[in-house]
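# Working through the structure, step by step
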Amino acid sequence: MELKQILQDIYTELADKNDKGQVASYIPELANINPNKFGIHYISLEGNSYGLGDHQEKFSCQSIIKVLSLCLAIKNEGVKIWKRVGVEPSGTPFNSLVQLEYEHGIPRNPFINAGAIVICDILLSQLENPKDDFLAFVQKLALNSNINYNPKISASEKAHGYRNAALINMMKSFDNIENSIDDVLDFYYDICSIEMTCEELAQTFLLFANNGCIPNSNERIITTSQSKRINAIMQCCGFYDEAGEFSFKVGLPGKSGVGGGIVAIHPGKYAVAVWSPRLNKKGNSYKGILALELLTTKSELSIF
Ligand SMILES: NC(=O)CC[C@H](N)C(=O)O
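The rules behind these values
- Residues numbered from 1 in each chain as written.
- Predicted model: local features only at pLDDT ≥ 70, side-chain atom pairs only at ≥ 80, totals over all residues.
- Helix = DSSP H or I, 4+ residues; strand = E, 2+ residues; numbered from the N terminus.
- Rg over C-alpha atoms; globule rule 2.2 N^0.38 Å.
- Buried ≥ 20, exposed ≤ 12 C-beta atoms within 10 Å, placed from the backbone.
- Contact = placed C-beta atoms within 7 Å.
- Pairing = 2+ DSSP bridges.
- Near = placed C-beta within 6 Å.
- Nonpolar A, V, L, I, M, F, W, Y, C, P; charged D, E, K, R; others polar.
- Domains from an automatic or database assignment.
- Expected span 1.5 Å × (residues − 1).
- Axes fitted to C-alpha atoms, helices over the stretch in contact; angles between N-to-C directions.
- Parallel < 35°, antiparallel > 145°, perpendicular 65-115°, else oblique.
- Left-handed = near helix turned anticlockwise from the far one by under 90°.
- Core = buried A, V, L, I, M, F, W, Y, C linked by C-beta atoms within 7 Å.

Counting secondary structure elements, the protein contains twelve helices and nine strands. The C-alpha atoms of the protein give 18 Å as radius of gyration, which agrees with the globular expectation for 304 residues (19 Å, within 12%). Expressed as lengths along the three principal axes of its C-alpha atoms, the size of the protein is roughly 55 × 40 × 35 Å. The buried share of the protein, reckoned over its 304 residues, is 51%. Residue pairs at least 24 apart in sequence account for 68% of intrachain contacts in the protein once pairs closer than 6 positions are excluded.

In this sheet, strand E3 (residues 49-53) lies alongside strand E2 (residues 39-44) in antiparallel orientation, the contact comprising five bridges. Looking at the pairing, Gly39 lines up with Gly53 of E3.

Our focus in this paragraph is the site of the ligand. Every residue close to the ligand is listed here: Gln62, Ser63, Phe94, Asn95, Asn113, Glu157, Asn164, Cys192, Gly257, Val258 and Gly283. Class assignment for the residues of the shell around the ligand results in three nonpolar, seven polar and one charged. Three or more residues apiece are contributed to the shell around the ligand by two domains, here domain 1 (3-62 + 195-298) and domain 2 (63-192).

Here we take up helix H2 (residues 66-77). Its twelve residues place the ends of H2 16 Å apart at the C-alpha level, agreeing with the 16 Å of an ideal helix rising 1.5 Å per residue. Where burial is concerned, most of H2 is hidden: nine out of the twelve residues are buried. Taken together, the buried positions of H2 are Lys66, Val67, Leu68, Ser69, Leu70, Cys71, Leu72, Ala73 and Ile74. Residues of H2 that are buried in the fold lie against helix H4 (113-126), helix H5 (130-142), helix H8 (181-192), helix H10 (224-237) and strand E6 (254-256). Positive phi appears at Gly78, one or two residues downstream of H2, with a value of about 60 degrees.

Overall, antiparallel pairing links the five strands, which are arranged E3-E2-E8-E7-E6 in an open sheet. The open sheet is flanked by E3 and E6, the only strands paired with a single partner. Sheet twist, expressed as the average angle between the axes of neighbouring strands with direction ignored, equals 5 degrees.

Relative to each other, H2 and H4 sit at 45 degrees, their axes nearing to 10 Å. Classified by the angle their axes make, H2 and H4 are oblique. Crossing handedness for the pair H2 and H4: left-handed. The residues of H4 that touch H2, namely those facing Lys66, Ser69, Leu70, Leu72, Ala73, Asn76 and Glu77, are Ala116, Ile119, Cys120, Ile122, Leu123 and Gln126. Class assignment for the residues of the contact of H2 with H4 results in eight nonpolar, three polar and two charged.

Here we take up the domain arrangement of the protein. Examined at the domain level, the protein breaks down into domain 1 (3-62 + 195-298) and domain 2 (63-192). On the side of domain 2, 33 residues touch domain 1, which itself brings 37 residues to the contact. Of all elements in the fold, only strand E5 (195-196), helix H9 (198-209), H10, E6 and strand E7 (261-266) reach the threshold of two or more residues within the side of domain 1 that touches domain 2. Of the residues forming the side of domain 1 that touches domain 2, the biggest block, six residues, is contributed by H10. Residues belonging to the side of domain 1 that touches domain 2 are distributed by class as follows: 20 nonpolar, twelve polar and five charged.

Given a rise of 1.5 Å per residue, twelve residues ought to cover 16 Å, and the 17 Å separating the end C-alpha atoms of H8 matches this to within 8%. Along H8, the positions that sit buried rather than exposed are Val184, Leu185, Phe187, Tyr188, Tyr189, Asp190, Ile191 and Cys192.

The next subject is the packing of H2 against H10. Where H2 meets H10, the axes come as close as 11 Å, and the angle between the chain directions of the two elements is 150 degrees. The interaxial crossing formed by H2 with H10 has right-handed handedness. On the side of H2, the interface is formed by Val67, Leu70, Cys71 and Ile74, while H10 contributes Gln226, Ile230 and Met234.

In terms of nonpolar packing, the biggest core is built from 93 residues, with Cys120, Tyr188, Ala202, Ala271 and Val272 touching the most fellow members. If one sorts the elements of this core by residue count, H4 sits on top with nine residues. Two domains share this core, each providing at least three of its residues, namely domain 1 (3-62 + 195-298) and domain 2 (63-192). Those residues in contact with Val272 that lie beyond four places of it in its chain are Ile40, His41, Tyr42, Ala202, Ala264, Leu292 and Leu295.

Have a look at this one:
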């Protein structure tokens, strides 16, 4: 069946589906979103691009952006970063504190909050103007200058970020944070607040399907090996304590965010992004996972 038709079928099938999820409300500004939004966008390396529903409406990327901050840190500093953060699945919620003390302030992976905060610390030390430089990097990958921070969302998260403050203080006590705690957290909240549409996300993530090169401009951003490793981390750690389930159901490397977005990649073939704000208990989009499970099942295009 044609991809376009498959997307249409998924859209129709999920429209009537009772959504059991809840919109994230621990960041108050995120709770203002219409919970019934739903969009999906697929782009292949051959240039086929199809989307449906609210696929051209911007939403809060949240943890999805952690793939791009990791990408920039790896590009600038290579393997050195692995002294400060691991690559193992955590099996714990994204904001868990428990493991961090046992493991002496070295986060399990760069996609749980603690790990992403360490990556922000690394970027603060690397970049001259972290906020401008990071946004410019994202815009370059997206081939689109109409991508921005949302200051309302970052301020809202900052005002309620007790757990992230606890995580970074714990890591500082283990000497795994170099910069000031406030500077690192501000940068972390800023990058999480970046907004993109499903179409923009799929376009941006195509580089991970293309061995580290932006497909349209053919500009190499990271090496093939670095791209492989980022995909491996998405596969094992992209969904916190639901990473195994996502692999089992969808069979693609991917990354979720509490804004309700998920992006997934088929190396050598395509990138797809989906958005539905109601989250399951693990903090991942309920309908988003269903949509991707249907996509790889109906198209038989998964990596397994
Ligand atoms: N899973 C997520 O998307 C979490 C990101 C969010 N900014 C937080 O720190 O809690």
